[in-house]
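Listed here are the chains, written in short residue letters.
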Amino acid sequence: MQYPWHVPIWQHLAQRYCSAQLSHALLLSGNPGLGKAILSEQFAQWILCEAATKRPQLPVPEKLLPCGKCNGCLLYSAASHPDLMRVSPESEGKAITVDAVRNIANFLALKSQFAEYQVVIVAPAEAMNKYAANSLLKTLEEPTPNTLLLLVSHNMGSLLPTIRSRCQVISCPVPDATQANDWLTQAMAQSALPTEDTKSLLMLAEGSPLLALEYAKAGTLSSYKQLLQSFEKLTKKQSNPVEEVGLWLSVGLAPSLKWMYLWVAELIRFKSGVMVVDNNTILSEPVLGKVAESVESMRLYTFLDKITDSIRTLPTQVNVQLTVEDLLISWSRLNR
Amino acid sequence: MRFKIQREDILKPLQFVSGVVERRQTFPVLSNLLVSAKKESLTITATDMEIEIVTTTKITISEVGEVTIPARKFFDICKALPNEAQLDIAFEAEKNRIIIRSGKSRFSLSTLPATDFPNIEDIKATFSFKIPQQLLKNIIDKTQFSMALQDVRYYLNGLLIEIADNAIRAVATDGHRLSFCETSVDVSPSEVIRIILPRKGVVELSKILENSESLVEVIIGANHIRLCLANLQFTSKLVDGQFPDYNRVIPSNGDKQVYAERDFFRQAMARASILSNEKYRGIRLRLKQDLIQAQAHNPEMEEAEEEIAVEYQGGELELGFNVNYILDALAAIDTDRVKLVFGNANSSCLILPDDEKIHCKYVVMPMRL
């Protein structure tokens with residue numbers, strides 16, 4: 001299956017391939033939940049597929065998919081294709097180590113087994129630690145012929161600039177609202193989920209359809225609403241931070257920080273007068289009004305920076321409870 | 001698939017292939033063997049994606065078919081069965097199990113489908129020739145010790161095989177020393193073929209080849225090299241790279257020629273090496289009229305000195321070497337006398353067998369002590 005928003009990227013890559021201009025290192029970048037990892041897998045399979053890679057003539061046909069029947073596709077499906085290597089952290093949240101990256105060099109030093117290309121997928125690329133990233137540089141700079149390195153990243157900024165500059169960046173943009181909404185409605189209907197909340201889900205997922213679908217399955221919307229209520233209560237001084245911390249902790253640090261960022265950003269927009277209150281506004285009007293009246297812009301910006309700092313410390317071993325308490329207390333102090 | 005086989009008939013092929021199966025596998029199917037029963041033969045294939053070994057045994061097959069079975073367990077079962085036991089091996093397709101029966105024992109092993117197995121069938125041959133096994137084994141054994149080990153210059157982690165008009169050469173180097181060996185064979189490629197065999201393939205190949213006159217067929221493809229022996233087929237991937245031009249490394253302008261008794265010289269070097277620095281292995285050689293003085297010392301200031309009587313007419317020269325490299329070269333030469341050619345204190349030393357008919361050359365770079 002191909003996601004509709006991948007079609008232009010596919011076309012672009014296939015065109016490059018067919019005209020023998022495919023770069024040896026592609027950096028797929030974009031927000032999480034756009035299916036970049038899936039795209040890299042599909043493209044790898046297509047490159048390894050014996051039927052598809054008999055260069056299609058230009059212009060490239062619209063539907064480009066691996067055949068699924070040839071030796072290459074069968075080995076790919078059995079996860080034993082000798083010309084494909086995947087490099088990922090050993091477990092979620094761990095780093096990709098230098099040994100794993102050295103294995104890439106060993107893998108590419110030998111010629112390919114069946115396919116024309118040898119493909120390496122590094123996902124997520126930002127999981128490479130400093131040493132691993134540095135030892136990938138030589139491979140990126142002097143690849144053996146017929147090598148394709150696919151780096152997948154949803155945080156391109158945290159990659160070494162030397163890595164970024166050695167790759168061709170293929171950015172996966174967020175699909176336009178109608179396309180995303182159509183796809184999400186269909187996908188949710190298929191998994192028998194109620195489809196009325198698609199707009200809010202997409203808003204939560206910042207337009208990434210796959211992430212929105214994941215949210216729908218996990219019922220994230222209801223915890224979002226709870227947190228929003230709690231945030232509004234805090235702002236209106238109807239509750240105190242210590243009572244609310246439990247709820248925030250139960251939702252988890254990563255999503256709560258992200259949402260809080262959205263809310264504060266909206267407050268700033270409202271306060272500066274660039275936003276009109278309409279159906280798409282997240283916070284309720286009394287809350288907006290109250291904050292706009294009592295808090296200076298400067299302090300809102302400072303608070304936004306505080307959230308960003310906390311987001312940055314997420315992957316470290318930070319004390320979750322202290323972080324949330326600190327943020328909530330500063331928020332309620334902020335709008336006295 | 002179903003066949004009967006005697007324990008000894010399957011044990012030997014299993015021993016050959018199981019060396020290739022690594023314990024730590026990234027792909028589960030690689031810890032399996034591909035067992036395929038064709039009309040009159042049983043072939044067993046093992047691969048680690050770098051090298052592949054296929055063995056063929058002639059037996060009567062009651063039912064043809066192919067499947068992959070866990071290598072280690074299958075081998076251990078066959079080993080543990082009593083001598084001359086008869087094995088009845090059958091594949092139960094509906095349960096995806098392989099059943100091994102022998103006497104009162106019965107084993108049921110899990111399987112993976114044969115299509116999952118990445119065996120190399122056609123290597124798209126570009127050139128092939130036949131050569132007596134011992135000749136090929138000889139040039140490999142005489143050079144392989146100089147291959148680099150996990151060098152970032154990955155093309156040095158292997159052995160260069162060069163096929164030119166009526167000659168095959170093997171060259172290995174790690175950047176500090178170089179081994180070269182040539183043998184004449186009746187081949188005539190349209191242009192010189194240069195391939196690099198990866199280290200692992202070289203080591204495995206030297207184990208497989210025997211010191212016999214029997215011929216081995218060597219097939220070279222774009223990405224692979226394949227050797228066909230009577231019951232065994234060995235395939236290795238090639239290294240994707242350009243080997244340095246070794247001719248520029250072999251010194252040709254050395255004017256100081258030393259002839260020495262090989263064994264005598266080697267023993268003296270081995271004794272002196274005991275007290276050389278354990279990390280750098282440096283040894284100082286001083287060339288004098290009909291004499292080489294060797295001197296080694298270590299960080300504890302312990303010292304070894306050796307005087308070796310040689311045939312040498314020429315000026316005095318003093319230079320340092322890694323003693324291990326000299327010992328390796330001396331061990332690889334099998335003539336009684338060796339010839340050492342020196343230039344000046346900064347040029348490489350060339351070690352040769354004292355026999356014009358043997359085309360082996362060993363180059364050792366000097367080191368600053």
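Only a predicted model underlies this, so the values are computations on that prediction, with no experimental measurement involved.

**Student:** What is the right way to look at the pattern of salt bridges in this model?
**Tutor:** Once their charged atoms are close, side chains differing in charge can pair, the charge on each being opposite to the other. Residue and element names in this part refer to chain B. Considering all chains together, one arrives at 28 salt bridges over all chains under this definition. The salt bridge partner of Asp88 is Arg2, with a shortest N-O separation of 2.7 Å. Of this pair, Asp88 sits in strand 7 (residues 86-92) while Arg2 is found in strand 1 (residues 2-6), placing the two residues 86 residues apart along the sequence. Classification of Asp88 as buried rests on a relative accessible area of 12%. Here Arg177 makes a salt bridge to Asp174, at a shortest N to O gap of 3.2 Å. Take Arg177 and Asp174: they sit in the same class, and that class is buried. Members of the salt-bridge network, linked through shared partners, are Glu162, Arg169, Glu182 and Arg194.

**Student:** Would you explain the layout of surface pockets in this entry?
**Tutor:** A probe matching the size of a water molecule, rolled over the atoms, marks out where space remains unfilled. Residue and element names in this part refer to chain A. By volume, the second largest pocket amounts to about 1700 Å³. What lines the second largest pocket is a set of 37 residues, and nearest its centre among them are Pro32, Pro124, Glu126, His154 and Asn155. When residues of the lining of the second largest pocket are assigned to their parent elements, the largest contribution, five residues, is made by helix 12 (residues 253-271). Of the residues contributing to the lining of the second largest pocket, the split by class is 20 nonpolar, nine polar and eight charged.

**Student:** Sorry, what's going on with the nonpolar core here?
**Tutor:** For soluble globular proteins, the rule of thumb is that nonpolar side chains tend to be buried together. Counting 99 residues, the largest nonpolar core has Phe3(B), Leu33(B), Leu42(B), Phe74(B), Met269(B) and Ile351(B) as its most contacted members. Of all the elements, helix 6 (residues 323-332) of chain B adds the most residues to this core, at seven residues. Once residues within four sequence positions are removed from consideration, Ile351(B) is found in contact with Ile326(B), Ala329(B), Leu330(B), Ile333(B), Lys339(B), Leu340(B), Lys361(B), Tyr362(B) and Val364(B). Formed by 77 residues, the second largest nonpolar core is a distinct cluster that contains Leu22(A), Leu34(A), Met188(A) and Val295(A).

**Student:** For this particular structure, what's the right way to read empty space enclosed by the protein?
**Tutor:** What the rule picks out here adds up to three cavities of 30 Å³ or more. For the largest cavity, the calculated volume is near 80 Å³. Taken together, Phe129(B), Leu136(B), Ile140(B), Ile161(B), Ile163(B), Ile168(B), Leu197(B), Leu205(B), Val218(B), Ile220(B), Ile225(B) and Leu227(B) make up the lining of the largest cavity. Taken together, the elements giving at least two residues each to the lining of the largest cavity come down to helix 3 (133-141), strand 11 (158-164), strand 15 (215-221) and strand 16 (224-228) of chain B. Of the residues contributing to the lining of the largest cavity, the split by class is 12 nonpolar, no polar and no charged. Empty space within the second largest cavity amounts to approximately 40 Å³. Residue lining of the second largest cavity: Trp248(A), Leu253(A), Ser256(A), Leu257(A), Met260(A), Val324(A) and Leu327(A), and that is the complete set.

**Student:** What exactly am I supposed to notice about the interface of chain B and chain A here?
**Tutor:** A common measure of how large an interface is: the accessible area buried when the components associate. Facing 19 residues of chain B, the contacting portion of chain A comprises 18 residues. Between chain B and chain A lies a buried interface of about 1700 Å² when both sides are counted; carbon and sulfur atoms form 57% of it. Sorting the residues of chain B by area buried against chain A places Phe27(B), Lys237(B) and Asp240(B) first, and these three jointly supply 32% of that buried surface. Seen at the junction of chain B and chain A, the total is zero salt bridges. For the pair chain B and chain A, the number of links is seven residue pairs in polar contact (both at pLDDT 80 or more). Residue classes in the side of chain B that touches chain A are distributed as 11 nonpolar, four polar and four charged.

**Student:** So what exactly am I meant to see when it comes to the pairing of strand 24 (residues 337-342) of chain B here?
**Tutor:** A regular strand places its side chains so that they alternate between the two faces of the sheet. All names here are of chain B. Of all six residues in strand 24, five are buried, a share of seventy percent or more. Pairing of strand 24 with strand 25 (residues 349-353), which is carried by four bridges, proceeds in the antiparallel orientation. In the strand pairing of strand 25, Lys339 is matched with Leu352. The loop that links strand 24 with its antiparallel partner strand 25 comprises six residues.

What counts and what doesn't
Residues numbered from 1 in each chain as written. Chains lettered and ligands numbered in written order. Predicted model: local features only at pLDDT ≥ 70, side-chain atom pairs only at ≥ 80, totals over all residues. Heavy atoms only, no water. Salt bridge = Lys/Arg side-chain N within 4 Å of Asp/Glu carboxyl O. Helix = DSSP H or I, 4+ residues; strand = E, 2+ residues; numbered from the N terminus. Buried < 20%, exposed > 50% of the residue type's maximum accessible area, 1.4 Å probe, protein only. 1 Å grid on protein atoms, 1.4 Å probe; cavity = no way out; pocket = protein on both sides within 12 Å on 5 of 7 lines; lining within 4 Å. Points joined across faces, edges and corners; volume = space filled by probe spheres on them. Nonpolar A, V, L, I, M, F, W, Y, C, P; charged D, E, K, R; others polar. Core = buried A, V, L, I, M, F, W, Y, C linked by side-chain atoms within 4.5 Å. Contact = heavy atoms within 4.5 Å. Buried area = accessible area lost by both parts, 1.4 Å probe. Polar contact = N/O pair within 3.5 Å; in protein donor to acceptor, adjacent residues only side chain to side chain. Pairing = 2+ DSSP bridges.

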